Amino acid sequence: MKDFLWWRDGVIYQIYPRSFADSNGDGLGDLAGIISRLDYLADLGIDAIWLSPFYPTPDKDFGYDISDYVEVDPRFGSLADFDRLVAEAHRRGLRIILDLVLNHTSDQHAWFQESRSSRDDPKRDWFIWRDRPNNWQASFGGKAWEYDPSTGQYYLHLFTREQPDVNWRNPEVRKAQLDVFRFWMERGVDGFRLDVFNAYFKHPDLPDNPPKFGVRGFDRQNHIYDIDQPEMMPFLNEMRLLLDSYPERYAVGETYFATPQKTVSYCGPDKLHAAFSFDFTFMEMVFPVFPWNPGWVIKQIIKREVTFNAAGIWPTTVMSNHDLPRAASRYGRGENDSQSFLAMALLLTLRGTPFIYYGEEIGMRDIQLRRSEILDPPGKKYWPLYKGRDGCRSPMQWNDSPLAGFSTAKPWLPVHPNYIRRNVATQQGDPDSLFNFTRKLLALRKEIPALRGGDFIPLETARGVLAFLRQLDGQSVLVALNFGRRTMKFLLPSGSWRMLLISAQGQPGVLSPYEIQILILEG
Ligand code: GLC
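Residues numbered from 1 in each chain as written. Predicted model: local features only at pLDDT ≥ 70, side-chain atom pairs only at ≥ 80, totals over all residues. Heavy atoms only, no water.

### With respect to empty space enclosed by the protein
Turning to step 1, where the next piece is worked out: The tally for this structure, following the rule as stated, stands at four cavities of 30 Å³ or more.
Turning to step 2, where the next piece is worked out: Approximately 90 Å³ is the volume found for the largest cavity.
Turning to step 3, where the next piece is worked out: Lining the largest cavity, in full, are S320, R326, A327, A328, S340, A343, M344, E360, G363, M364 and L434.
Turning to step 4, where the next piece is worked out: Counting only elements with at least two residues in the lining of the largest cavity, the list comes to α10 (327–331) and α11 (338–349).
Turning to step 5, where the next piece is worked out: Per-element accounting of the lining of the largest cavity gives the leading share, three residues, to α11.
Turning to step 6, where the next piece is worked out: When the residues that make up the lining of the largest cavity are grouped by side-chain class, the tally is six nonpolar, three polar and two charged.
Turning to step 7, where the next piece is worked out: When its volume is computed, the second largest cavity comes out at roughly 40 Å³.
Turning to step 8, where the next piece is worked out: Lining the second largest cavity are F4, D9, G10, V11, G45, D47, L442, R445, K446 and R452.
Turning to step 9, where the next piece is worked out: A class-by-class count of the residues in the lining of the second largest cavity yields three nonpolar, two polar and five charged. (1 Å grid on protein atoms, 1.4 Å probe; cavity = no way out; pocket = protein on both sides within 12 Å on 5 of 7 lines; lining within 4 Å. Points joined across faces, edges and corners; volume = space filled by probe spheres on them. Helix = DSSP H or I, 4+ residues; strand = E, 2+ residues; numbered from the N terminus. Nonpolar A, V, L, I, M, F, W, Y, C, P; charged D, E, K, R; others polar.)

Here it is in structure tokens:
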């Protein structure tokens, strides 16, 4: 494909390693398991894999508390396995993106162990120590400061108390963190997902955050001093220079408290390549539900289209990830997949790089856990108001054999009981499955440049229908989605339109319930 830039034109697939495939029967997914499924991913038609953390971790935040940035946790494999994974992925044309969690370490990381050992330790200033706490709150609940009796000071942690925040104002820290990027790029890694990157720098004086209306302590503050400090920009410039000294490397940021405006401000030729803006995944704060109807969806699309276009920044599209209830659970009812087809169609046809979350291609649902089964720290803290993120992290459902073909031992989280019918093998054999729809859509994206790079033009439709054009160099593709359970007509713009993909049996311009049509203008 001419001018195909993998991170812009390709599709990225997120793997949560402990839940994808277990090769050694310990109930935990691992790198060798991922290698054994690379053919599956290549056949599906994705272009890159984002691996959630596989580094050594005491699992206080299930891998997002890292005790060594440049190692593999023995439960997941070894650096040799990792090298094999990169080589095997590259052999199939798949890129590898790592998750770098550099805002905080684990309290078991050697840097923190040294830092906490004495007030005079050379690494004392690598973390944020103070005699008196300010009013900041941890996003997983409670105060953001933990008292350390051995040295008589408090350290800052924006997440759990076992995740001390690194002091990014210290130049040695910045150098050490850039070395982490270098280490993995030297091993052939193609890109990075930067965990809560816009929290790296805190205001140097650590002033109290001003109050605002909210439910939890954390939400009752305006986060103006603990995130989004101006020093982030020069660091991003430095990081980008390093990335650009290797060919075609990529960085996508997880923007904390993302809005389209904020997100674009962190992207550009001398900053991040991209940053998530989570347009379709946030909960409306007033009514804590996930909205999902054409009017709301189009509003979100327009908001981001306008902002990203004006700034010349390439967007990303996310429907699910390891922090959210899966789209299929947010929008779907029971085992009915009609909403999952709509969400997948949007994910793969909007302007922007799509991120597929493992299992999304078969419409995996969140598991339901009893209180005693919950592992995720915020879930333990806020149950039953908030049940945490375990639900979306259950084992991948490969087939209908016991434990869904994920493992031979009891998995770290239960397999969803629907695996007997909802699994990869079954859906591969069903031409009308979400899996086969996703695969066809991925192939179509490869074939039709307008679906990747085309401008986005919304069309006027009846209520309940969402339709838009993607246009590039004279190529016009029309995408129409019926969100409702009534058959709907929509007016095809003039010209001769050929059907490229249809999810049901309707005819061009007539959408049966929940139907999706993708057409191309001929001639
Ligand atoms: C990010 C991750 C989340 C993690 C948190 C703290 O939001 O996506 O899983 O718990 O950062 O590292």
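Still more to cover.
### Some thoughts on the layout of surface pockets
Turning to step 1, where the next piece is worked out: For the second largest pocket, the calculated volume is near 320 Å³.
Turning to step 2, where the next piece is worked out: For the second largest pocket, the lining is made up of 18 residues, of which F140, G141, T160, R161 and E162 are closest to its centre.
Turning to step 3, where the next piece is worked out: Elements supplying a minimum of two residues to the lining of the second largest pocket: β5 (145–148) and α12 (377–382).
Turning to step 4, where the next piece is worked out: Take the lining of the second largest pocket: its biggest share by element is three residues, from α12.
Turning to step 5, where the next piece is worked out: Here the lining of the second largest pocket is built from residues that sort into six nonpolar, four polar and eight charged.

### Quick look at the site of the ligand
Turning to step 1, where the next piece is worked out: Taken together, the neighbourhood of the ligand is formed by 15 residues, with D61, H104, D195, E254 and D323 sitting nearest.
Turning to step 2, where the next piece is worked out: Side-chain polar atom of R193 to an oxygen atom of the ligand: 3.0 Å apart, as the coordinates give it.
Turning to step 3, where the next piece is worked out: The contact in question runs from an oxygen atom of the ligand to an N or O atom on the side chain of D323, over 2.5 Å.
Turning to step 4, where the next piece is worked out: Within the complex, the protein chains bury 96% of what would otherwise be the 310 Å² of accessible surface of the ligand.
Turning to step 5, where the next piece is worked out: Broken down by class, the residue content of the shell around the ligand amounts to five nonpolar, three polar and seven charged. (Near = heavy atom within 4 Å. Polar contact = N/O pair within 3.5 Å; in protein donor to acceptor, adjacent residues only side chain to side chain. Areas by Shrake-Rupley, 256 points an atom, 1.4 Å probe, with all protein chains shown as cover.)

### A short note on the nonpolar core
Turning to step 1, where the next piece is worked out: Core analysis: the largest hydrophobic core is formed by 140 residues, its most contacted members being Y13, F181 and W184.
Turning to step 2, where the next piece is worked out: Of the residues forming this core, the biggest block, eight residues, is contributed by α11.
Turning to step 3, where the next piece is worked out: If sequence neighbours within four positions are ignored, W184 has contacts with F54, Y55, Y69, V70, E71, L79, F82, L98, L100, V189 and F192.
Turning to step 4, where the next piece is worked out: With 14 residues, the next largest nonpolar core counts F140, L156, A199 and F218 among its residues. (Core = buried A, V, L, I, M, F, W, Y, C linked by side-chain atoms within 4.5 Å. Buried < 20%, exposed > 50% of the residue type's maximum accessible area, 1.4 Å probe, protein only. Contact = heavy atoms within 4.5 Å.)

### A few points about helix α14 (residues 434–447)
An α-helix turns once every 3.6 residues. As a result, residues three or four positions apart point the same way.
Turning to step 1, where the next piece is worked out: Between the first and last C-alpha of α14 there are 20 Å, a value that for 14 residues agrees with the 20 Å anticipated at 1.5 Å per step.
Turning to step 2, where the next piece is worked out: Within α14, burial applies to L434, F435, N436, F437, T438, L441, L442, L444 and R445. (Expected span 1.5 Å × (residues − 1).)

### Topic: unusual backbone geometry
Turning to step 1, where the next piece is worked out: The linkage connecting W383 with the following residue, P384, adopts the cis geometry, with an omega of 0°.
Turning to step 2, where the next piece is worked out: Within the secondary structure, P384 sits in the loop between α12 and α13 (424–428).
Turning to step 3, where the next piece is worked out: Of note, L403 is a non-glycine position whose phi angle comes to about 60°, a positive value.
Turning to step 4, where the next piece is worked out: As for its placement among the helices and strands, L403 is situated in the loop between α12 and α13.

### Considerations on the sheet that holds strand β3 (residues 95–100)
Turning to step 1, where the next piece is worked out: What the eight strands build is an open sheet, ordered β9-β8-β7-β3-β2-β1-β11-β10; its pairing is parallel. The open sheet has two edge strands with one neighbour each: β9 (274–275) and β10 (316–318).
Turning to step 2, where the next piece is worked out: Summarising the sheet, β3 and strand β7 (residues 191–194) pair through four bridges and their orientation is parallel. Directly across from I97, in β7, lies its bridge partner G191.
Turning to step 3, where the next piece is worked out: With respect to the sheet, α11 is in contact with β10 and β11 (353–357), its orientation differing from that of β11 by roughly 140°. (Pairing = 2+ DSSP bridges. Axes fitted to C-alpha atoms, helices over the stretch in contact; angles between N-to-C directions.)

### A few points about the pattern of salt bridges
Think of it this way: side chains of opposite charge can pair up when their charged atoms draw near.
Turning to step 1, where the next piece is worked out: Enumeration according to the criterion identifies 38 salt bridges in this entry.
Turning to step 2, where the next piece is worked out: Note that D59 and R18 form a salt bridge whose closest N and O atoms lie 3.0 Å from each other. Of this pair, D59 sits in the loop between β2 (48–51) and α4 (79–91) while R18 sits in the loop between β1 (12–15) and α2 (31–36), and the two are 41 residues apart along the sequence.
Turning to step 3, where the next piece is worked out: Residue class for R18 comes out buried when judged on its relative accessible area of 2%.
Turning to step 4, where the next piece is worked out: Here R304 makes a salt bridge to D279, at a shortest N to O gap of 3.2 Å. In this pair, R304 sits in helix α9 (residues 294–311) while D279 sits in the loop between β9 and α9, placing the two residues 25 residues apart along the sequence. Across the pair, exposure class does not vary: R304 and D279 are buried alike.
Turning to step 5, where the next piece is worked out: Sharing partners across several salt bridges, the network here consists of D61, D323, D376, R389 and R393. (Salt bridge = Lys/Arg side-chain N within 4 Å of Asp/Glu carboxyl O.)

### Describing the packing of α11 against α14
Turning to step 1, where the next piece is worked out: Look at α11 against α14: their axes get within 10 Å of each other, and the N-to-C directions meet at 15°. With respect to each other, α11 and α14 are oriented roughly parallel. Handedness of the α11/α14 crossing: right-handed. On α14, the residues touching S340, F341, M344, A345, L348 and T349 of α11 are L434, F437, T438, L441, L442 and R445.
Turning to step 2, where the next piece is worked out: Here the residues of the contact of α11 with α14 are counted per class, giving eight nonpolar, three polar and one charged. (Parallel < 35°, antiparallel > 145°, perpendicular 65-115°, else oblique. Left-handed = near helix turned anticlockwise from the far one by under 90°.)

### Observations concerning the pairing of β11
Successive residues of a regular strand alternate their side chains across the two faces of the sheet.
Turning to step 1, where the next piece is worked out: Within β11, five of the five residues are buried, which leaves it mostly tucked inside the rest of the structure.
Turning to step 2, where the next piece is worked out: Every second residue of β11 is oriented toward a common face, with T353, F355 and Y357 on one face and P354 and I356 on the other, all of them buried.
Turning to step 3, where the next piece is worked out: Bridge count between β1 and β11: three bridges; the pairing is parallel. In the sheet register, Q14 faces β11, and the bridge partner there is Y357.
Turning to step 4, where the next piece is worked out: Bridge analysis of β10 against β11 gives three bridges, and the strand direction is parallel. Note on β11: the bridge partner recorded for V318 is F355.

### Considerations on the sheet that holds strand β4 (residues 129–130)
Turning to step 1, where the next piece is worked out: Read from one edge of the open sheet, three strands run β4-β6-β5, paired in antiparallel fashion. The sheet is open, and its two borders are formed by β4 and β5, each paired with just one other strand.
Turning to step 2, where the next piece is worked out: By the bridge criterion, two bridges tie β4 to strand β6 (residues 153–156) in an arrangement that is antiparallel. Bridging from a neighbouring strand, W129 pairs with Y155 of β6.

Remember that the coordinates give geometry; whether it matters functionally is a separate question.
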